[in-house]
Amino acid sequence: MAKKEQNKNYKVIAENRRARYDYALEDDLECGIILMGSEVKSLRTGQSNIAESYASVEDGELWLTNAYIAPYDAGRTFGHEERRKRKLLVKQKEIVRLWNATQREGMTIVPLVMYFNDRGLVKLKIATGKGKKHHDKRATEAKRDWGRQKQRLLRSSV
């Protein structure tokens, strides 16, 4: 059987693993991001962090706030600010839906993964979610532990 060819351009840059632990995520969305040249070059070296960042709708536009992209050493002359606000590219219909989720339903827009897609463009996967309380986190952890224990029991009985 022929092996499926993997895409050479797809590469995960930064991942927010804690988001699934801290938030009850509902629906996700892939969006583009406006970057400077030095930021893209820095991302190619894998120097970024989206763990403490969030997205918000301001004046009818979607913005990513507090995402860290390290400065590019070779581009000191035309460098960039490390934690500046970056505009996210989504359709107006999605912006309205996200605004309704944040303003009316009290949800948060959380970035999940920043990656290069198959065409080599930087994309950001965002999701809307509600913050979990401490007891919700414990319930999720207990459910995950039970799943692991169940898998161990199934493996040992076979």
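Below: a short report on this structure. The model shown is predicted, which means the values in this text are computed figures rather than measured ones.

## Some words on the overall build of the chain
Moving on, step 1. Helix and strand counts for the chain come out as four helices and nine strands.
Moving on, step 2. Mapped from its N terminus to its C terminus, the chain presents α and β elements in the order β-α-β-α-β-β-β-β-β-α-β-β-α.
Moving on, step 3. Looking at the chain as a whole, 35% of its 158 residues are labelled buried.
Moving on, step 4. When contacts within the chain are restricted to residue pairs at least 6 apart in sequence, those whose partners lie at least 24 apart make up 69%.
Moving on, step 5. Carbon and sulfur atoms make up 49% of the accessible area of the chain, which totals about 10900 Å².
Moving on, step 6. Side chains of the chain give 33 positive and 21 negative charges; the mean places of these two sets differ by 5 Å.

## Observations regarding the packing of aromatic side chains
Moving on, step 1. Summed over the entire model, instances satisfying the criterion amount to one aromatic pair.
Moving on, step 2. Seen from their ring centres, Tyr10 and Tyr115 are 5.4 Å apart, and the 45° between their planes marks the pair as tilted. A residue pair is termed long-range when its members are at least 10 positions apart, and Tyr10 in the segment before strand S1 (11–15) and Tyr115 in strand S8 (residues 108–116) qualify at 105 residues.
Moving on, step 3. Sitting above the plane of the Trp63 ring, Lys85 keeps its charged end 5.5 Å from the centroid.

## Here we look at the pattern of salt bridges
Moving on, step 1. If you walk through the whole model with that rule in mind, you get eleven salt bridges.
Moving on, step 2. Among the salt bridges present, the one from Arg84 reaches Glu39, with a minimum N-O distance of 2.8 Å. One end of the pair, Arg84, is in the loop between strand S6 (68–69) and strand S7 (86–89); the other, Glu39, is in helix H2 (residues 37–44), with 45 residues separating them in the sequence.
Moving on, step 3. Looking at Glu39, the relative accessible area reads 0%, which means it is buried.
Moving on, step 4. The partner of Glu61 in a salt bridge is Lys87, with the nearest N and O atoms 3.1 Å apart. Linking Glu61 in strand S5 (residues 61–65) with Lys87 in strand S7, this pair joins segments that are 26 residues apart in sequence.
Moving on, step 5. By sharing partners, the salt bridges in this structure join Arg18, Asp22 and Lys137 into a single network.

## Focus on the pairing of S5
Moving on, step 1. Sheet analysis places strand S4 (residues 54–58) next to S5, joined by five bridges and oriented antiparallel. Opposite Ser56, over in S5, you have Trp63 as the bridge partner.
Moving on, step 2. Hairpin connection between S4 and S5: a loop of two residues separates the two successive antiparallel strands, and Asp59 in this loop has a positive phi of roughly 55°.
Moving on, step 3. Pairing geometry for S5 and S7, over three bridges, is antiparallel. By the bridge assignment, Trp63 is partnered in S7 with Lys87.

## Quick notes on the nonpolar core
Moving on, step 1. Judged by nonpolar contacts, the single largest core of 24 residues is most densely connected at Leu43, Leu62, Leu88, Met114, Val122, Leu124 and Ile126.
Moving on, step 2. Mapped by element, the contributors of at least two residues to this core are S1, strand S2 (23–33), S4, S5, helix H3 (92–103), S8 and strand S9 (122–131).
Moving on, step 3. Beyond its immediate sequence surroundings of up to four residues, Leu88 is in contact with Cys31, Gly32, Ile33, Ala55, Leu62, Trp63, Leu64 and Leu124.
Moving on, step 4. Among the nonpolar cores identified, the runner-up in size contains six residues, and Ala19, Val110, Tyr115 and Ala127 belong to it.

The rules behind each value
- Residues numbered from 1 in each chain as written.
- Predicted model: local features only at pLDDT ≥ 70, side-chain atom pairs only at ≥ 80, totals over all residues.
- Heavy atoms only, no water.
- Helix = DSSP H or I, 4+ residues; strand = E, 2+ residues; numbered from the N terminus.
- Buried < 20%, exposed > 50% of the residue type's maximum accessible area, 1.4 Å probe, protein only.
- Contact = heavy atoms within 4.5 Å.
- Areas by Shrake-Rupley, 256 points an atom, 1.4 Å probe, with all protein chains shown as cover.
- Lys, Arg positive; Asp, Glu negative; His and termini not counted.
- Charge placed at Lys NZ, Arg CZ, Asp CG, Glu CD.
- Phe/Tyr/Trp six-rings, centres within 6.5 Å; stacked < 30°, edge-to-face > 60°.
- Lys NZ or Arg CZ within 6 Å of the ring centre and 35° of its normal.
- Salt bridge = Lys/Arg side-chain N within 4 Å of Asp/Glu carboxyl O.
- Pairing = 2+ DSSP bridges.
- Core = buried A, V, L, I, M, F, W, Y, C linked by side-chain atoms within 4.5 Å.

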